[in-house]
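# Residue-level structure breakdown
Take a look at the letters that make up each chain.
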Amino acid sequence: MTQAFTVAIDGPAAAGKGTISRAVAARFGFAHLDTGALYRAVGVKGGDPVAAAQGLTPEDLARDDLRSLEAGQAASRVAVIPEVRAALLAFQRRFARQPGGAVLDGRDIGTVICPEAEVKLYVTASAEVRAHRRWLEVGGDAARVLAEVQERDARDMGRADAPLRPAPDAFEIDTSDLSIEAAIAAAIARVEAARKA
Ligand code: DC
């Protein structure tokens, strides 16, 4: 396939977006962009977040502390700044429309970055299930992990610019009671149907 084909995957923290995105990209040979990593890299860089977003480098994206709880919180805080979002927009749009197909996961891919995406998925799960999954990854105090997830949800859904919400035409996958295999199968079925359409 040489034309563009975009799979937009949005949803709250630890819902399974990353795992599903990687599996869909591998299955169809699409490029994959974890857009949360862009905001995490801006958040942990320090200094002026707008300047950090405008000057983001491959080294910033290769830092090994991007997956920490602190990086997630820092990302969510800089992500409310419209100038930070604007600085990251063109790169994400170009990535989305590259020849050969692309999967992008984040919070605003189907609503703002790529409203014309051929497939839009909204991957979600209860806050408790998501916090438990995050706790298995990072350990520590489980109550604190749940509070962190809830705080980040509130900020990501409540901000004025590009808040987290499903696009009107997004297909929802609730992974609270689904195995990861079943969630991946649901996503792949959706992409397959759109490719035949
Ligand atoms: O998906 P993640 O947990 O790596 O995202 C970290 C934070 O970055 C998230 O809490 C909000 C922000 N983000 C965003 O505002 N828009 C995106 N497309 C991706 C992430």
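### Topic: the packing of aromatic side chains
Tallied over the full model, the rule gives three aromatic pairs. Relative to Phe-30, the ring of Phe-5 has its centre 5.6 Å away and its plane inclined at 35 degrees; by these criteria the two rings are tilted. Here Phe-5, found in the segment before strand E1 (6-10), pairs with Phe-30, found in the loop between helix H1 (17-28) and strand E2 (31-34); they are 25 residues apart in sequence, far enough to count as distant. Judged by relative accessible area, Phe-5 falls into the buried class, the value being 6%. Residue Phe-30 is classed as buried on the basis of its relative accessible area, which comes to 7%. Chaining the aromatic ring pairs together yields one cluster made of Phe-5, Phe-28 and Phe-30.

### Structural notes on helix H6 (residues 82-96)
Compared with an ideal rise of 1.5 Å per residue, which puts 15 residues at 21 Å, H6 spans 20 Å between its outermost C-alpha atoms and is within 8% of the ideal. Along H6, the sharpest change in direction is near 35 degrees and occurs at Leu-89. For H6, the set of buried residues is Val-84, Arg-85, Leu-88, Gln-92, Phe-95 and Ala-96.

### Some remarks on the environment of Ile-173
Structurally, the position occupied by Ile-173 is in strand E5 (residues 171-174). Note on Ile-173: relative accessible area 3%, which makes it buried. Spatially, the C-alpha atoms of Ile-173 and Gly-11 are 9.6 Å apart, while their sequence positions differ by 162 residues. Aside from chain neighbours lying at most four places away, what touches Ile-173 is Leu-121, Tyr-122, Val-123, Thr-124, Leu-178, Ala-183, Ala-186 and Ala-187.

### A short note on the packing of helix H2 (residues 35-45) against helix H5 (residues 69-78)
For the pair H2 and H5, the least separation of the axes is 7 Å and the interaxial angle reads 95 degrees. Taken together, the axes of H2 and H5 are roughly perpendicular relative to one another. Residues Tyr-39, Arg-40, Val-42, Gly-43 and Val-44 of H2 form the contact with H5, whose own contacting residues are Ala-71, Gly-72, Ala-74, Ala-75 and Val-78. Of the residues contributing to the contact of H2 with H5, the split by class is seven nonpolar, two polar and one charged.

### A look at H1
Relative to the 16 Å expected for twelve residues at 1.5 Å per residue, H1 spans 16 Å between its end C-alpha atoms, a close match to the ideal helical length. Of the surrounding elements, those touching the buried residues of H1 are E1, E2, strand E3 (102-106), strand E4 (119-124) and helix H10 (180-196). Looking one or two residues past H1, Gly-29 carries a phi angle of roughly 70 degrees, positive in sign.

### Digging into the site of the ligand
Taken together, 16 residues lie around the ligand, and Arg-40, Arg-85, Arg-152, Asp-156 and Arg-159 are the ones closest in. At 2.6 Å, a side-chain N or O of Arg-40 approaches an oxygen atom of the ligand. Top element by residues in the shell around the ligand is H2. It accounts for four residues. Of the residues contributing to the shell around the ligand, the split by class is three nonpolar, four polar and nine charged.

Conventions used here
Residue numbers restart at each chain and count upward from 1, following the sequence in its written direction. It should be noted that, the model being predicted, local features are given only for residues of pLDDT at least 70 and side-chain atom pairs only at 80 or more, the latter also being counted only at that level, while totals for whole chains, interfaces and linings use all residues. With hydrogens and water stripped out, all remaining heavy atoms of the structure feed into the side-chain values. Pairs were defined over the aromatic rings of Phe, Tyr and Trp, the Trp ring being its six-membered one, requiring ring centres within 6.5 Å. Orientation was assigned from the angle between planes: stacked under 30 degrees, edge-to-face over 60, tilted for the rest. Runs of H or I in DSSP of at least four residues are treated as helices and runs of E of at least two as strands, each being numbered from the N terminus. Buried means the residue's accessible area, taken with a 1.4 Å probe over protein chains only, is under 20% of the maximum for its type, while exposed means over 50%, and partly exposed covers the values in between. The span one expects for a helix is its residue count, reduced by one, times 1.5 Å. The quantity called bend is, for any residue, the angle between two axes fitted respectively to the seven residues ending at it and the seven beginning at it. Contact between two residues is taken to exist if any of their heavy atoms lie within 4.5 Å; hydrogens are not considered. The axes used here are C-alpha line fits, helices contributing only the stretch in contact, and every angle between their N-to-C directions lies in the interval 0 to 180 degrees. Orientation categories follow fixed angle ranges, with anything under 35 degrees roughly parallel, anything over 145 roughly antiparallel, 65 to 115 roughly perpendicular, and all other angles oblique. Three classes are used: nonpolar for Ala, Val, Leu, Ile, Met, Phe, Trp, Tyr, Cys and Pro, charged for Asp, Glu, Lys and Arg, and polar for all others, with Gly counted as polar. Near, as used in this document, describes a residue that has one of its heavy atoms within 4 Å of the molecule or strand being considered. Polar contact is the term for a pair of N or O atoms within 3.5 Å; when the atoms are in protein, one must be able to donate a hydrogen and the other to accept it, and sequence-neighboring residues count only if both atoms are side-chain atoms.

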